[in-house]
Every structure is written in C-alpha cells, then in structure tokens.
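# Inside the fold
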Amino acid sequence: MSLLSEREQRGCREILQALGRCELLSVADTVTNRMLRIDSEAEAMNAILSYSQSAEELLKRKKIHREILFQYLAKHSIVIPIHAEKYQLIQRIIDYWREDTAVKQATDVHASTSGNDAPEIDLAINHKGDYQAMGLQFCKWFYHLLNSQNPLLQDQSSEWGPQHFWEDAKLKFSYRTLQQQLEEYTGAVLVSLRLLALTKDEHLFLNPNLTSDGLKCIHSPHGLVIIAVAGTIHRDAVCLGVFEQIFGLIRCPNNENNWKMKLIHLKITGQGAMSSLQSNEASQPPIIKYESNELLQVFEENAVGVYD
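Residues numbered from 1 in each chain as written. Predicted model: local features only at pLDDT ≥ 70, side-chain atom pairs only at ≥ 80, totals over all residues. Heavy atoms only, no water.

Even without being glycine, Asn33 reaches a positive phi, approximately 55°. Along the polypeptide, Asn33 turns up in the loop between α2 (21-32) and α3 (41-51). Of note in the backbone geometry, His203 takes a positive phi value of approximately 60° without being a glycine. Position of His203 relative to the elements: it lies in the loop between α9 (188-200) and β3 (205-208). Given a relative accessible area of 26%, His203 falls into the partly exposed group. (Helix = DSSP H or I, 4+ residues; strand = E, 2+ residues; numbered from the N terminus. Buried < 20%, exposed > 50% of the residue type's maximum accessible area, 1.4 Å probe, protein only.)

As structure tokens, this is what we get:
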C-alpha cells in the first residue's frame, strides 16, 4: 500500500512521465534499494509510487530536475519566480496538491449538506481548533492575494482592500538594507495601501515557507489568533532577502463572524544586511524561531483595544 495520498500519486505520476526510461529506472532502483527486479517503465512507475516514503522525498530525487518541476507548475497555470530554488518549487507543488484535496473535501461537504441550509464553513470551524492548519489556510489566501496585485504576474485580483482589516488595524513595517528603517501605520485604509504598494508599486513577490518550520500559529485565551511566517522576497529573477511576518487576527461579529487582521508586523532583511551566518542559512528555507510566549509578547504593547 502506498504512503502517498491518491492526489499525490496522480501528481507524482504526471511528473515521472517527464523522465526518460533510464532516469525512471534509476529512480526506481534508488527508491527500492535495488531489492526488486524492474524491467519496464510501468513496473518502475508503480514501484516508485508504492515505496516512496513521501511525495516530498520523491520530488527531491536528483533525477527529478528543477526544470521538470517548473514545467509542471507552468502546465497547471501556477506562477512562481523563474529562478525559484528547487525546494520552493517542491513546496508549491505540495501546497497545490493539498489545495486540490481541500477543495474536493469542501465540495463533498457542500454536496452532502445542500438543501439543508448548512452555514458557511469558516476557518476555525473547518479546522476544529487546529490553529496550525488555520494558519496554513490563511497564509495561502493572504500571499496569493497580495502577490496577485503585482502587475508583472498578470494574475491580478480585485479582492484586495481595507475590508480585510479592522478599522483600527496597525502595521509595523521594518526593513534593513544598509540601515534599519521603521514605518508605522494605523487604520484599515493606510495599512491596506502600504502592503499593496509592496507588490503593486515595488513589484515584490513574497514567497512564504509554509512548512512546519516556517509557520507557527497560536491562539490566546482572549480570542486573538497569532500567525507567524517566514519566507523569501523576490523581484523578477532576483532574491532580495528574507522576511518575517506576524499577524494578529480577531473575529468580526458584524461580518458573518469572519476573521479580520488587527495587527501586522513585517520585517524584511535585505541580502546586503545579512550576517555571514544568515547568508549561509539563506540557501535553506527561512524558519520561525519564536516560542509561543514570545509571539504573545510581540503584541503586548498593542494590547489596549485589541480585545475590546
């Protein structure tokens, strides 16, 4: 029995079909540790899908080149910077398959409840207290929406705007190239416009690391959900540096109990401002190092009015 999900098997099969016969047989020998006699491409394909420990492990194989992964994403109309690293392509493919699975599950739920006036499923109900899963869903939505405002990507969405923020939302934006700079904004309109400028005017592309190392989500006793995510930031084919972003979300009872952004901290570190240690780490996906209590402390200075 394969350890890969049905969706992962279909996706991996499509990617493996891009390999030549010799490469396919070589991957099969590696995955099975040459314990099986494999004579045909069909046997190789089945062996690879049956004995791979995970989709991510399979896609990391040397024979599955970066170009193959990029072409797979392009075939499915998924835009990503042309010089993205292989690990970033793998992450985006895994996310795409998970999104497909989530859409199918949501469709099944809708079909089974249609005609029963079932309420719309929101983030918290859908994940039943699994705030890490909630954070993952939120980040996929947020960064897709923000990046889609970049005119260079030709995938613009009209949904961005102050409606996603509380009226008294706050943004702290710090960035460091040669010197440290700090900007602060208050109000849904100003916060929305400053974030929009990153992609629409400055043509940046924020690529979050949505693995468990790059994403952390916690829930305070007062109802505030805090999401921290790390990633890389790009313009065209150039990686400009790394970023950390922390969101504070609160339900809005006047808006069908949906979540809105109350507090946002964004920190960008340019390549030129990185220490030698950070530069060495830059070849790996950025990670979140905050502990849960540290994330709560980040918002202590803004506590007044947050829980009103």
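Next up on the list: α9. If you check α9, its first and last C-alpha atoms are 18 Å apart, about what 13 residues at 1.5 Å a residue would give, namely 18 Å. Those residues of α9 not exposed but buried are Ala188, Val191, Ser192, Arg194, Leu195, Leu196, Ala197, Leu198 and Thr199. Looking at the buried residues of α9, the elements they touch are α8 (131-147), β1 (165-176), β2 (180-186), β6 (238-252) and β7 (258-270). (Expected span 1.5 Å × (residues − 1). Contact = heavy atoms within 4.5 Å.)

Turning to the nonpolar core, a few remarks are in order. Residues Phe142, Phe165, Leu195, Ile227, Phe247 and Leu249 are the most contacted members of the largest nonpolar core, which totals 35 residues. Those elements that place two or more of their residues in this core are α8, β1, α9, β4 (215-219), β5 (225-235), β6 and β7. Setting aside residues no more than four positions away along its own chain, Leu249 makes contact with Met134, Phe138, Gly223, Leu224, Val225, Ile227, Trp259, Lys260 and Met261. In this structure, Val27, Leu69, Leu89 and Ile93 belong to the second largest nonpolar core, which totals 32 residues. (Core = buried A, V, L, I, M, F, W, Y, C linked by side-chain atoms within 4.5 Å.)

Among the structural elements, Lys267 can be located in strand β7. Taking the relative accessible area as the measure of exposure, Lys267 reaches 40% and is therefore partly exposed. For Lys267 and Ser174, which are 93 residues apart along the polypeptide, the C-alpha to C-alpha distance reads 4.8 Å. Sequence-distant contacts of Lys267, defined by excluding residues within four places in its chain, comprise Ser174, Val242, Phe243 and Glu244.

With that settled, the discussion passes to the pairing of β2. Looking at chain direction, β1 and β2 are connected through seven bridges and run antiparallel. Bridge pairing links Tyr175 to Gln181 in β2. Here β1 hands over to β2 after three residues, the two strands then running antiparallel side by side. (Pairing = 2+ DSSP bridges.)

In this structure the tally under the stated criterion is eight salt bridges. Between Asp29 and Arg34 there is a salt bridge; the shortest N-O distance is 3.3 Å. Among the charged side chains, a network of salt bridges with common partners joins Glu183, Arg194 and Glu202. (Salt bridge = Lys/Arg side-chain N within 4 Å of Asp/Glu carboxyl O.)

In total, this model carries 13 aromatic pairs according to the counting rule given. Aromatic pair Phe138 and Phe142: ring centres 5.9 Å apart, planes at 20°, arrangement stacked. Here the residue Phe138 and the residue Phe142 both occupy positions in helix α8, the gap between them amounting to four residues, near one helical turn. Given a relative accessible area of 6%, Phe138 falls into the buried group. On the basis of an interplanar angle of 40° and a centroid distance of 5.0 Å, the ring pair of Phe173 and Tyr175 is categorised as tilted. When its relative accessible area of 25% is taken as the criterion, Tyr175 is described as partly exposed. (Phe/Tyr/Trp six-rings, centres within 6.5 Å; stacked < 30°, edge-to-face > 60°.)

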